[in-house]
Amino acid sequence: MTTTKSHTAEKIGGTSMSRSKELLDTVLIGDRSEDALYNRIIVVSAYAGVTDSLLEHKKTGEPGVYTLFAGAEGGWVWGDALNAAAERMQTHNATVFADDSARQTADRFVRERIEGVRSCMIDLARLCSFGHFQLEHHLLTVREMLCSLGEAQTAFNTVLLLNLHGVNARLIDLTGWREGVQHDLDECIRRAFADVDLSRELPIVTGYAQCTEALMRSYDRGYSEVTLSRVAVVTQASEAIIHKEFHLSSADPRIVGTGAVRVIGATNYDVADQLSNMGMEAIHPRAAKSLRQAGIPLRVRNAFEPDHEGTLIRADLAAQSAQVEIVTGLKNVFAFEFYDQDMVGVKGYDAEILEALTRHKVWILSKTSNANTITHFLKGSMKAIKRVESDLSKAYPNAEITLRKVALISAIGRNISDPTILSRAIDALAKVEIAPLGIHALVRKVDLQVIIEEADFELAVTSLHRELIETRQLAATDDLSQLNAAA
């Protein structure tokens, strides 16, 4: 890899990529010209909705090609879903390219990839009709092959679009399409960038990478951020940047109002990890770990506000004073309470509970315990959690297991050690007549968790944000005004 100065490694999310024409005026080109266009590496995600149609809908679980293939038992329903996914991908092509020739080139690329994958899946289904071959042994490979289609399309289209606008963009296809040898992720990146000249080329990289680590086994749908982090580390980028369709803000503006939220100017990776745990990802925690260890800062920017510096995340960024930076939370949380008098004094009693939750792929948000009760706060499907309940009822017939739907709100900051934060949070909820079901003021002092009834979620977020963030900032503004007046 050749470069004449430091470079950045950047990622654009799928929702933003679906607005490719607008991205030309912001992230991809904007007001850049000549040398300013280069010394950047851009990792792209699949267009919004494409991976959902190829695998399954991320939020609703509606089956896509993969889910239908895994449970088809010889049927062709997955083939119809693959046709629908291909049509969706070609619809994206039509929105990206006004030029007929370019659109046809993009459509040919999609057809080649789709038909290649279809042939592989037909051959695999035929092979697994014999007893010596079991389909479940190959499903992870099928899942990775399908998900690679979306990123390959987006990367190919972005290169084609940039070339049409005079930018020397280059496709870096990490999907392993028709490659016979696999390498680990870092080696894949090193090989792909071996002859890239960053000073004169703009590499567009697929968010999915085929490698020996099998990214989807460990990260599932978070693989593109892991690819970004390793590209940044291997190429020794000066900064990693994630472009989203929104700012990293102090709360959801749809709940507290656009006038009330504050863009987070700077924070650290501890806060990023807490956000990931709440499902409000600034970056996948494993990706954050790579950047943190390499000393590479991460910037989260709004892809459509190019003049805004966004949020800088650094490992060494401590808070100057105790303060809450973000109030966020989740609805549809299950409080899974396990009561058994036999657990008193027994070490490792919850090992089988954790094993059951892991086996059924249920996400643990938080956990509390006392002498005879362990409560896990869970995010997952009711079906999976009921399976956990059934398994544990058989293993512990004397235990009482209760399941309750709640909401979990988290007030997060680099340092929330100020003891008044807890009392102010309780007072703020009391003012709007919300009685918390539980409060976790954790020792590390980076987050304060409040368990409430689901119906109180929006009101609780608004009230906590007003008290812990908006009021504090108003007070800071008043203090500054007094200092200026005194001067």
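The rules behind the values
Residues numbered from 1 in each chain as written. Predicted model: local features only at pLDDT ≥ 70, side-chain atom pairs only at ≥ 80, totals over all residues. Heavy atoms only, no water. Salt bridge = Lys/Arg side-chain N within 4 Å of Asp/Glu carboxyl O. Helix = DSSP H or I, 4+ residues; strand = E, 2+ residues; numbered from the N terminus. Contact = heavy atoms within 4.5 Å. Buried < 20%, exposed > 50% of the residue type's maximum accessible area, 1.4 Å probe, protein only. Polar contact = N/O pair within 3.5 Å; in protein donor to acceptor, adjacent residues only side chain to side chain. Phe/Tyr/Trp six-rings, centres within 6.5 Å; stacked < 30°, edge-to-face > 60°. Lys NZ or Arg CZ within 6 Å of the ring centre and 35° of its normal. Pairing = 2+ DSSP bridges. pLDDT = per-residue confidence, 0-100. Axes fitted to C-alpha atoms, helices over the stretch in contact; angles between N-to-C directions. Parallel < 35°, antiparallel > 145°, perpendicular 65-115°, else oblique. Left-handed = near helix turned anticlockwise from the far one by under 90°. Nonpolar A, V, L, I, M, F, W, Y, C, P; charged D, E, K, R; others polar.

Trainee: In this structure, what is going on with the pattern of salt bridges? I would like to understand it.
Mentor: Two side chains carrying opposite charge are able to pair once their charged atoms lie near each other. Under the defined criterion, the tally for this structure stands at 31 salt bridges. Residue Arg103 is joined to Asp100 by a salt bridge in which the shortest nitrogen-to-oxygen separation is 2.7 Å. Remark: Asp100 and Arg103 occur in helix 6 (residues 100-127); sequence separation between them is three residues, near one turn of the helix. The partner of Arg292 in a salt bridge is Asp270, and the shortest N-O contact between them spans 3.6 Å.

Trainee: Where do I start with the environment of Val461 in this structure?
Mentor: Along the chain, Val461 turns up in helix 17 (residues 457-486). On a C-alpha basis, the gap between Val461 and Thr368 in space is 22 Å, while along the polypeptide they are 93 residues apart. If sequence neighbours within four positions are ignored, Val461 has contacts with Ile255, Val256, Val327 and Ile409.

Trainee: When you look at the environment of Asn415 in this model, what are you seeing that I'm missing?
Mentor: Of note, Asn415 is situated in the loop between strand 12 (400-412) and helix 16 (420-431). The exposure class of Asn415 is partly exposed, given its relative accessible area of 24%. Along the backbone, Asn415 and Glu352 are 63 residues apart, and their C-alpha atoms lie at a distance of 34 Å. Setting aside residues up to four positions removed in sequence, Asn415 forms contacts with Ala319, Ser321, Ala322, Gln323 and Lys445. At a separation of 2.7 Å, a polar atom in the side chain of Asn415 contacts the side chain of Ser417.

Trainee: Even after reading the chapter, I still don't get the packing of aromatic side chains, so can you show me in this structure?
Mentor: Aromatic rings in a pair are described by how distant their centres are and how their planes are angled relative to each other. Evaluated as defined, the whole model comprises five aromatic pairs. The interplanar angle of 90° and the centroid separation of 5.2 Å between the aromatic rings of Phe69 and Trp78 together place this pair among those described as edge-to-face. The exposure class of Trp78 is buried, given its relative accessible area of 3%. Sitting above the plane of the Phe304 ring, Arg19 keeps its charged end 3.6 Å from the centroid. Above the plane of the ring of Tyr66 lies Arg143, whose end atom (NZ or CZ) is 4.9 Å from the centre.

Trainee: Help me out: how do you make sense of the pairing of strand 12 in this one?
Mentor: Strand residues, when the strand is regular, have side chains that alternate between the two faces of the sheet. As paired strands, strand 9 (residues 326-339) and strand 12 are joined by 12 bridges and run antiparallel to one another. Paired with Tyr339 across the two strands is Glu400, which belongs to strand 12. Where strand 12 lies against strand 14 (residues 447-452), six bridges are found, and the strand directions are antiparallel. Bridged to Ile412 within strand 14 is Asp447.

Trainee: What exactly am I supposed to notice about the confidence of the model for the protein here?
Mentor: Low pLDDT marks stretches whose predicted atomic positions should not be read closely. Looking at the protein as a whole, its pLDDT mean stands at 90, while 95% of the residues score no less than 70. Contacts of residues 474-487 to residues separated by more than four positions or lying in other chains number zero contacts, the stretch itself having pLDDT below 50.

Trainee: Help me understand the sheet that holds strand 2 (residues 40-44) in this model?
Mentor: By definition, the strands of a sheet pair up through backbone hydrogen bonds, in either a parallel or an antiparallel sense. Strands sit in the order 3-4-2-1-5-7-8-6 across an open sheet of eight strands; the sheet is mixed. Two strands lie at the open edges of the sheet, namely strand 3 (169-172) and strand 6 (266-268), each paired on one side alone. The mean inter-strand angle of the sheet, taken between neighbouring strand axes irrespective of direction, is 25°. Bridging between strand 2 and strand 4 (residues 202-206) involves three bridges; their strand directions are parallel. For Val43, the partnering residue across the bridge sits in strand 4 and is Val205.

Trainee: Can you walk me through the sheet that holds strand 9 in this structure?
Mentor: Pairing is antiparallel in the open sheet, where six strands are placed in the order 10-11-9-12-14-13. Each of the sheet's edge strands pairs with one partner strand only, and the pair in question is strand 10 (363-369) and strand 13 (438-441). Strand-to-strand twist in this sheet, taken as the mean axis angle between neighbours without regard to direction, amounts to 30°. Strand direction decides the pairing type here: strand 9 and strand 11 (residues 373-379), joined by six bridges, are antiparallel. Each bridged residue has a counterpart across the sheet, and for Phe334 the counterpart in strand 11 is Leu378. The sheet contacts of helix 14 (residues 351-359) involve strand 9, strand 10 and strand 11, and relative to strand 11 the element is tilted by about 15°.

Trainee: Any chance you could explain the pairing of strand 11 here in plain terms?
Mentor: Within strand 11, six of the seven residues are buried, which leaves the element mostly enclosed by the surrounding structure. Examined bridge by bridge, strand 10 and strand 11 share six bridges and lie antiparallel to one another. Along strand 11, the bridge assignment pairs Lys367 with His376. The turn linking strand 10 back onto strand 11 is made up of three residues.

Trainee: What am I meant to see in the packing of helix 5 (residues 77-96) against helix 6 here?
Mentor: A pair of packed helices is captured by two measures, namely the crossing angle of their axes and the spacing between those axes. Where helix 5 contacts helix 6, the axes come no closer than 9 Å and their chain directions differ by 165°. Considering the angle they form, helix 5 stands roughly antiparallel to helix 6. Every pair of crossing elements has a handedness; the one defined by helix 5 and helix 6 is right-handed. For the pair formed by helix 5 and helix 6, the contact residues are Trp78, Gly79, Leu82, Asn83, Ala86, Met89, Gln90, Asn93 and Ala94 on the first element and Arg103, Ala106, Asp107, Val110, Arg111, Ile114, Arg118, Met121 and Ile122 on the second. Grouping the constituent residues of the contact of helix 5 with helix 6 by class yields 10 nonpolar, four polar and four charged.

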